[in-house]
Amino acid sequence: MKFVTSILNRRAFVALAAASMLASVVHSAPASAADVTIPIIVKDTTSFYWQIVLAGARKAGKDLGVNVPELGAQAETDVNGQISILENAVAGNPAAVVIAPTEAKALGKPIDEAATKVKIIGIDSGADSKAFTSFLTTDNIQGGRVAADGLAAAIGEANGGKIEGDVALITALPGAGSLEQRAQGFKEQLAAKYPGLKLVADKYADGQATTGLNIATDLITANPNLKGIFASNLIMAQGVGQAIAENNLAGKVGLVGFDSDEKLIKFLNDGVISALVVQDPYRMGYDGIKTALAASKGEKVEANVDTGANLVTKANMKEPKIDALLNPKLD
């Protein structure tokens, strides 16, 4: 009996020692990168533009070994939906959060509150908050200026070098920081450089391509001297492009859009769209996650990063740099 007890005691001692050693190893081992979660919250998961942003974030997650939940509402108009998504993401205690705010004013306070618990990295559009650890975006005011230059060039080409006539601006939604800045830059550039161009309409839509189509159709009917339109995001460019095509005005009424997808690239090839101002959404997503990881480790990061804007025309769309922006890898 003593012999059996002795064996059991020895086994218990060995088991206890092994458990102690394992606990020591687990405790001393640093958390792996795969244990780090950084959600990215976009404005609209169904949009091609935001899918490119998500693809960049996904690649960063793979490269850096970080879990990157891909979150967002089904439409840019769902502001309350994005606020709820942000609150739920923060409740999960992530290392950091990357977000593209849908509406500047409405997201200000929720971002302030979130930033008391976790590092917040902003991308694309701003919010009424000073709580961002870092903000990566296109210089949208400069993007608006680039659009004005592109539209003026298209009008001049169609009118024997004369840059004059009526132009219009169509914005997808009121209150979106990036869109308001594009409008600002566009108007400033018109006033500073193109006195012959008169802004006769400054319209807001509801985020739907059909509304952009209807607004553009009404403008074309009401303004026989209309020479150009700036549609300041992808969805509006789709709708306005359709209006130009349906009224057989390709090459007669210039159209500059913002961002790109298959439909807009076809419009550009067909001459329906004169030019596109194209951002680098892939870089925005990739560098957003990379910056968030660095910030979560306490590393110093840039407060503001300009990710660039490029004017794309039929003449330069095949250049390697431009082609990479128009045809990003989504896997």
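Right, let's walk through the structure included here. (Residues numbered from 1 in each chain as written. Predicted model: local features only at pLDDT ≥ 70, side-chain atom pairs only at ≥ 80, totals over all residues. Heavy atoms only, no water.)

1. Things to note about the overall build of the chain
Our working definition: Helix and strand assignments follow DSSP, with helices taken as H or I runs no shorter than four residues and strands as E runs no shorter than two, numbered in order from the N terminus. The buried label goes to any residue with under 20% of its type's maximum accessible area, the exposed label to any with over 50%, and the partly exposed label to all in between, with areas taken from a 1.4 Å probe on protein chains only. Throughout, a contact is declared for two residues whenever any of their heavy atoms are within 4.5 Å. The accessible surface values rely on the Shrake-Rupley method and a 1.4 Å probe; as for residues, cover is taken only from the protein chains in view.
When its secondary structure is counted, the chain shows 11 helices and 12 strands. Taking all 331 residues of the chain together, 48% fall into the buried category. Sequence-distant contacts in the chain: of pairs separated by 6 or more residues, those separated by 24 or more amount to 70%. Of the roughly 15600 Å² of accessible surface on the chain, 54% is carried by carbon and sulfur atoms.

2. So, unusual backbone geometry
The phi dihedral of Asp124 falls on the positive side, at around 70°, and the residue is not glycine. On the secondary structure map, Asp124 appears in the loop between strand E4 (119-123) and strand E5 (134-137). Residue classification places Asp124 among the buried positions, given a relative accessible area of 3%. Even without glycine at this site, Asp259 takes up a positive phi of about 80°. Structurally, Asp259 can be placed in the loop between strand E9 (254-258) and helix H9 (262-270).

3. A word on the sheet that holds E5
Definition in use: Strand pairing is assigned whenever DSSP identifies at least 2 bridges connecting the two strands. Whenever a helix is involved, its axis is fitted only over the stretch in contact; in every case the axis is a line through C-alpha atoms, and angles between N-to-C directions fall within 0 to 180 degrees.
Strands sit in the order E2-E1-E3-E4-E5-E11 across an open sheet of 6 strands; the sheet is parallel. Single-partner strands in this sheet number two, and they are strand E2 (70-72) and strand E11 (304-306). Neighbour-to-neighbour, the strand axes of the sheet open up by a mean angle of 20°, direction not taken into account. Sheet topology note: the E5/E11 ladder contains 3 bridges and is parallel. By the bridge assignment for E11, Thr137 is matched with Asp306. The strands that helix H3 (residues 79-91) touches are strand E1 (40-42), E2 and strand E3 (96-99); relative to E1, the one it contacts most, it runs at about 175°.

4. Describing the packing of H3 against helix H4 (residues 104-114)
For the record, the criterion: In these notes the angle categories are as follows: under 35 degrees is roughly parallel, over 145 is roughly antiparallel, 65 to 115 is roughly perpendicular, and the rest is oblique. Polar here means any residue other than Ala, Val, Leu, Ile, Met, Phe, Trp, Tyr, Cys and Pro, which are nonpolar, and Asp, Glu, Lys and Arg, which are charged; Gly is therefore polar.
Two elements in contact, H3 and H4, have axes whose closest approach is 10 Å; the angle formed by their N-to-C orientations is 0°. The angle between H3 and H4 places the two elements in the roughly parallel class. On the side of H3, the interface is formed by Val79, Gln82, Ile83, Leu86 and Val90, while H4 contributes Ala106, Leu107, Pro110, Ile111 and Ala114. In the contact of H3 with H4, the residues fall into 9 nonpolar, 1 polar and no charged.

5. What to know about the sheet that holds strand E6 (residues 165-171)
With respect to topology, 6 strands assemble into an open sheet ordered E7-E6-E8-E9-E10-E12, the strand pairing being mixed. Edge positions in the sheet fall to strand E7 (197-204) and strand E12 (310-312), since each of these pairs with one other strand and no more. For this sheet, the mean angle separating the axes of adjacent strands, direction not counted, is 20°. Bridge analysis of strand E10 (residues 275-278) against E12 gives 3 bridges, and the strand direction is antiparallel.

6. Looking at the pairing of E10
As a reminder of what qualifies: With strands facing away from the observer, any crossover in which the path from the first strand over the helix to the second runs clockwise is taken as right-handed.
Judged by which residues are buried, E10 turns out to be covered on both faces: Ala275 and Val277 on one side and Leu276 and Val278 on the other are all buried. Judged from the 3 bridges that link them, E9 and E10 form a sheet pairing that is parallel. The partner of Gly257 across the bridge, within E10, is Leu276. At this point the chain moves from E9, through H9, to the parallel E10, and the crossover so formed is right-handed.

7. A look at helix H10 (residues 281-296)
We apply this condition: An expected span of 1.5 Å times one less than the residue number is assigned to each helix.
End to end, H10 covers 22 Å across 16 residues, agreeing with the expected 22 Å (1.5 Å per residue, within 8%). Among the residues of H10, Pro281, Met284, Gly285, Asp287, Gly288, Ile289, Thr291, Ala292, Leu293, Ala294 and Ala295 are the ones counted as buried. Where H10 terminates, the next one or two residues include Gly298, which has phi positive at roughly 85°.

Distances and angles like these do not, on their own, reveal function.
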